[in-house]
Amino acid sequence: MTEVEVTVGAPAPAHRGEQPPSDPGLLRRLDALASAVPVLLTDAAVVGFALWTLLYHLNLALDLRPSVVFAVWALTLPIAAYGGWWVGRRRRNGRLSGDVKPAEAASEPSTEAGWAALLRRYGLPIGAGVGAALLAALGTGSLTWWLAVVLGLVAVASAWASFRVRGDSAGPAPTGTTPVQVSVVTLAALAAAVFSTFIARVSLDDVFYVGKSVWVAERDQIPYRDFLFTEGVLPAGSANPPVPSFEVFIGALARVLHIHAASTTWYVVLPLLAVFAVFALWRLVQRWAPRRPLLVFGVALTYIVLVAGYPDVLNTYHLPRLTQGKSVFVHALIPLAWVYLTDYLETRSRRALVLLGLLSVAAVGLTTTAVILLPLLAVAAVTMLVLARRWRDAALCFAAASTYPLLVGVGARLATGGLEEAVATYIELRPLRTIYELTLWLGVLGVIAGIAMWCAPILLRRGVPRTLVAGAVLAVTLLLIPGVAATVGNLSGLTAVLWRVPWIVPVPALVGMLAVIRLPRWDAMNRVLAFGLPTVLVLAFATLGLPMWTANVLQAEPSWRMPETRKDVAFWITRLDRPSGLVLAPTPVMRALPQVTTRVRVVMARDLYLTDYDMESQFSRDRLLLGKFADGTEEVPVSDVKGAMGRVGVSVVCVWKSNRAVADAAPALGIERFASRKSPGGMYCYRTSGPVTPADGP
């Protein structure tokens, strides 16, 4: 149409006051730019945080103040932005959205050979995948588990014929994100951002993550040593290796903005992370879905929201815990890693390979878990490439995804005396069925997720997506073989984190793929499935799952992730005229105080972190004893309490008014009441009459 208009003649001059006709080329460019929003924002976030992490790790040797590192980072961002613009300028306008060129539209497996050939090709992988999911999610004994693992391996191996890895041209590449799609995805991302601020689901680990940011914001120092029990006297525990840069970034940002670090975490960073995670999910769905990506995205997002009730399950690490680095890693960087791998393998895009390398840097800055899981993800991907004899691609992908994490891991071993110290948690290897449950659930929901995982190699878009997901599923299935995880844990010392290995499989996206299953040669049934499958899946999530707002954690207005009364009590204690020394309070209040300020030191920020300092030491036993005394949960000998208070250096004791044991023991302890708080959160506070000298070591 444009060419015809041009040949007819030049447009007449516009009358004064009239707008000239719009430029169709400009409109197309604006549409392309709008469609590229998820790509531009997620890529920019990866590059920006990778740059921060590089500067942070460099600063481990320089030991500059976080505010100085932040200033250097802010100054280098424009340079990085210009470099990205310069590279993007060289790209063709048709590829502005970051997607590959459109390919042939046929996405269904060929049916020319008839049903017999289809059954030979797809009957075994589908049957084995469904059987594995049923046995893993519904079985109870070791025999059913062994059968589930064997069938899972059969499902992956028998799907090999459908991969078409040589050339990777069998499946259609996505045609790009349309303005309608990006509008829906953007609305979903903004809704997630708003919704995240109303969730007040308490995580016991917030005392560390938020407390570390508060320390950085208040003191403009990086706490390389212990900051929860002492003022840097004790060495850092296993929860505080120097590798992650995420909490330091939030603290530095809070200091620059002159906003409390907790408010920065919950009201500034969390909404941005919610948008980032939703866009990352969309990008993976758009790259891997065989058809109707918007429907796949909607079902996947519904699965995340409605199947997230229990602690430590996969989707609980989304909005309820997204301010923890490992949550951003599993729900944003893992999907983006698969996106970059797909882009590189399908288009040989050097940009995708560079972004994959920068993602590996950003991942290490988020969590030490990335030191283990990202190389494992790379091994899972390149294994399939090696089987397809794509040696060069395998080497480049592994190097981009694993070089930085492995270097950091070696550095952590040399600096701390062992990589296991940098990534350890406080649990032993969990039972294999529990590992399955934490990522894929059990029961009917576990069957759905299991089918999505084990059948993914034949459900995704043909070519690279099927190849990559097959490697991930194979790696997880091998880990689930009885004895494998225990052996790997014993050899590596990483037993406690192996339960997170299934995180390399992007389960929500794969569950969404179930909504667009089609049967060849059965158009009437496909029309029913097009509506029935998404409906059944969403109903299953709604009726069998536990949503993010389980246990009445939704608030009427945005809030910190702690009960409002507890927050008010913590601030009240900080305003008291206290003598120097440590504060003893009920354990929930002592977990809240480090998130309010580091100027008030507490006896025990969290009992679990005492594991690093020997639970049987006097240092730990005193704090555990005093915690029981302040909680009023059991009787504690007053003489033991008095000795522990002297050794720890307690100067103030604040307890709920219902705790009569403290009032009765006050004369014997030599403390006197000096403050009272009305309900809600009614509390009495006592102080010692003389100076105290805290013991800062075990």
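An account of the accompanying structure is given in this report.

Rules behind the numbers
- What you see as residue numbers is a count from 1 along each chain, following the sequence as written.
- Only residues with pLDDT of at least 70 get local features here, since the model is predicted, and only at 80 or more are side-chain atom pairs given and counted; chain-wide, interface and lining totals rely on the full set of residues.
- The side-chain quantities take in all heavy atoms of the structure and omit both hydrogens and water.
- Secondary structure counts use DSSP, requiring at least four H or I residues in a row for a helix and at least two E residues in a row for a strand, with both numbered from the N terminus.
- Three exposure classes are used, based on accessible area relative to the maximum for each residue type with a 1.4 Å probe and protein chains only: buried under 20%, partly exposed in between, and exposed over 50%.
- Note on definitions: a residue-residue contact is assigned when non-hydrogen atoms from the two residues lie within 4.5 Å.
- Every accessible area reported is derived by Shrake-Rupley at a probe size of 1.4 Å, with residue values counting cover from the shown protein chains alone.
- DSSP-based pairing: two strands are paired if at least 2 bridges between them are found.
- Note on method: axes are straight lines fitted to C-alpha atoms, helices fitted across the in-contact stretch only, with angles between N-to-C directions ranging 0 to 180 degrees.
- In this scheme the handedness of a crossing depends on how the near helix is turned from the far one: anticlockwise by less than a right angle means left-handed, clockwise means right-handed.
- Only Asp, Glu, Lys and Arg are considered charged in this grouping, and only Ala, Val, Leu, Ile, Met, Phe, Trp, Tyr, Cys and Pro are considered nonpolar; every other residue, Gly among them, is considered polar.
- In this text, buried Ala, Val, Leu, Ile, Met, Phe, Trp, Tyr and Cys residues form a nonpolar core when linked through side-chain atoms within 4.5 Å.
- Any angle from 65 to 115 degrees is called roughly perpendicular, while one under 35 is roughly parallel, one over 145 is roughly antiparallel, and all others are oblique.
- Note on definitions: salt bridges are taken to be side-chain nitrogens of Lys or Arg within 4 Å of carboxyl oxygens of Asp or Glu.
- Any cysteine sulfur atom paired with another within 2.5 Å is treated as part of a disulfide.
- Ring pairs shown here join Phe, Tyr and Trp side chains whose ring centres sit within 6.5 Å, with only the six-membered ring taken for Trp; geometry is labelled stacked below 30 degrees between planes, edge-to-face above 60, and tilted in between.
- We call a charge positioned over a ring when the NZ of a Lys or the CZ of an Arg lies within 6 Å of the ring centre and within 35 degrees of the ring normal.

**Quick word on the overall build of the chain**
In step 1: In terms of regular secondary structure, the chain is built from 28 helices and four strands.
In step 2: Within the chain, buried positions represent 55% of all 698 residues.
In step 3: Sequence-distant contacts in the chain: of pairs separated by 6 or more residues, those separated by 24 or more amount to 76%.
In step 4: On the chain, roughly 29,600 Å² of surface is accessible, and the fraction owed to carbon and sulfur atoms is 63%.

**Observations regarding the sheet that holds strand S4 (residues 683–688)**
In step 1: Spatially, four strands are ordered S1-S2-S4-S3 in an open sheet, and the strand pairing comes out mixed. On the outer flanks of this sheet lie strand S1 (582–584) and strand S3 (671–677), each paired with one strand and no other. Averaged over all pairs of adjacent strands, the angle between their axes in this sheet comes to 25°, without regard to strand direction.
In step 2: Lying on the sheet, helix H27 (residues 638–648) is in contact with S1, strand S2 (650–656), S3 and S4; it crosses S2 at an angle near 130°.
In step 3: The sheet contacts of helix H28 (residues 660–669) involve S2, S3 and S4, and relative to S4 the element is tilted by about 15°.

**What about the packing of helix H10 (residues 261–288) against helix H12 (residues 325–347)?**
In step 1: In contact at an axis separation of 9 Å, H10 and H12 are set at 35° when each is read in the N-to-C sense. Between H10 and H12 lies a crossing of left-handed hand. Contact with H10, carried on its side by Leu273, Phe276, Ala277, Ala280, Arg283, Leu284, Arg287 and Trp288, involves Val328, His331, Ala332, Leu333, Pro335, Leu336, Trp338, Val339, Tyr340, Thr342, Asp343 and Glu346 of H12 and no other residues of that element.
In step 2: Grouping the amino acids of the contact of H10 with H12 by side-chain chemistry returns 14 nonpolar, two polar and four charged.

**Side note on the environment of Pro579**
In step 1: By the secondary structure assignment, Pro579 is in the loop between helix H24 (564–574) and S1.
In step 2: In this structure the C-alpha to C-alpha distance between Pro579 and Val652, which are 73 residues apart in sequence, comes to 7.4 Å.
In step 3: Beyond its immediate chain neighbours, meaning those up to four positions away, Pro579 contacts Ser651, Val652 and Arg687.

**Focus: the nonpolar core**
In step 1: Counting 220 residues, the largest nonpolar core has Trp52, Leu333, Trp338 and Trp454 as its most contacted members.
In step 2: Take this core: its biggest share by element is 18 residues, from H10.
In step 3: Excluding anything up to four places from it in sequence, Trp52 contacts Pro66, Val69, Phe70, Trp73, Ser245, Val248, Phe249 and Ala252.

**Structural notes on the packing of H24 against helix H25 (residues 587–596)**
In step 1: The geometry of H24 relative to H25 is characterised by a closest axis approach of 9 Å and an angle of 70° between their N-to-C directions. Between H24 and H25, the interaxial angle falls into the category roughly perpendicular. Of the two elements, H24 crosses H25, and the hand of that crossing is right-handed. Two secondary-structure elements touch here, H24 through Arg566, Val569, Ala570, Phe571, Ile573 and Thr574 and H25 through Pro588, Val589, Arg591, Ala592, Leu593 and Val596.

**Observations regarding the pattern of salt bridges**
In step 1: Inspection of the entire model under this criterion finds 15 salt bridges.
In step 2: Among the ionic pairs, Arg255 bridges to Asp220, the shortest N-O distance being 3.7 Å. In this pair, Arg255 sits in helix H9 (residues 246–257) while Asp220 sits in the loop between helix H8 (206–219) and H9, placing the two residues 35 residues apart along the sequence.
In step 3: Relative accessible area serves as the criterion here: at 6%, Asp220 is assigned to the buried category.
In step 4: Here Arg287 ties to Asp343 by a salt bridge, and the two come within 2.6 Å at their closest N and O atoms. On the criterion of sequence distance, the pair formed by Arg287 in helix H10 and Asp343 in helix H12 is long-range, its members being 56 residues apart. Comparing Arg287 with Asp343 shows no difference in burial state: the two are buried.

**So, the state of the cysteines**
In step 1: Summed over the entire model, instances satisfying the criterion amount to one disulfide.
In step 2: Here Cys654 pairs with Cys685 through a disulfide, and the sulfurs are 2.0 Å apart. Between Cys654 and Cys685 the sulfur-sulfur dihedral comes to about 115°; the bridge is accordingly right-handed. Taken together, the residues Cys654 in strand S2 and Cys685 in strand S4 connect sequence positions 31 residues apart. For the pair Cys654 and Cys685, one class covers both residues: buried.

**Quick word on the packing of aromatic side chains**
In step 1: In the structure shown here, the tally under the stated rule is 25 aromatic pairs.
In step 2: The interplanar angle of 75° and the centroid separation of 5.2 Å between the aromatic rings of Phe208 and Tyr209 together place this pair among those described as edge-to-face.
In step 3: Looking at Tyr209, the relative accessible area reads 18%, which means it is buried.
In step 4: With a centroid separation of 6.0 Å and 85° between ring planes, the pair formed by Phe229 and Tyr613 is classed as edge-to-face. Separated by 384 residues along the polypeptide, Phe229 in the loop between H8 and H9 and Tyr613 in the loop between H25 and helix H26 (618–631) bring together distant segments of the chain.
In step 5: Stacked on the ring of Trp215, the Lys or Arg Arg219 has its end atom at 3.8 Å from the ring centre.
In step 6: The positively charged end of Arg673 is found above the aromatic ring belonging to Tyr684, 3.7 Å away from the centroid.

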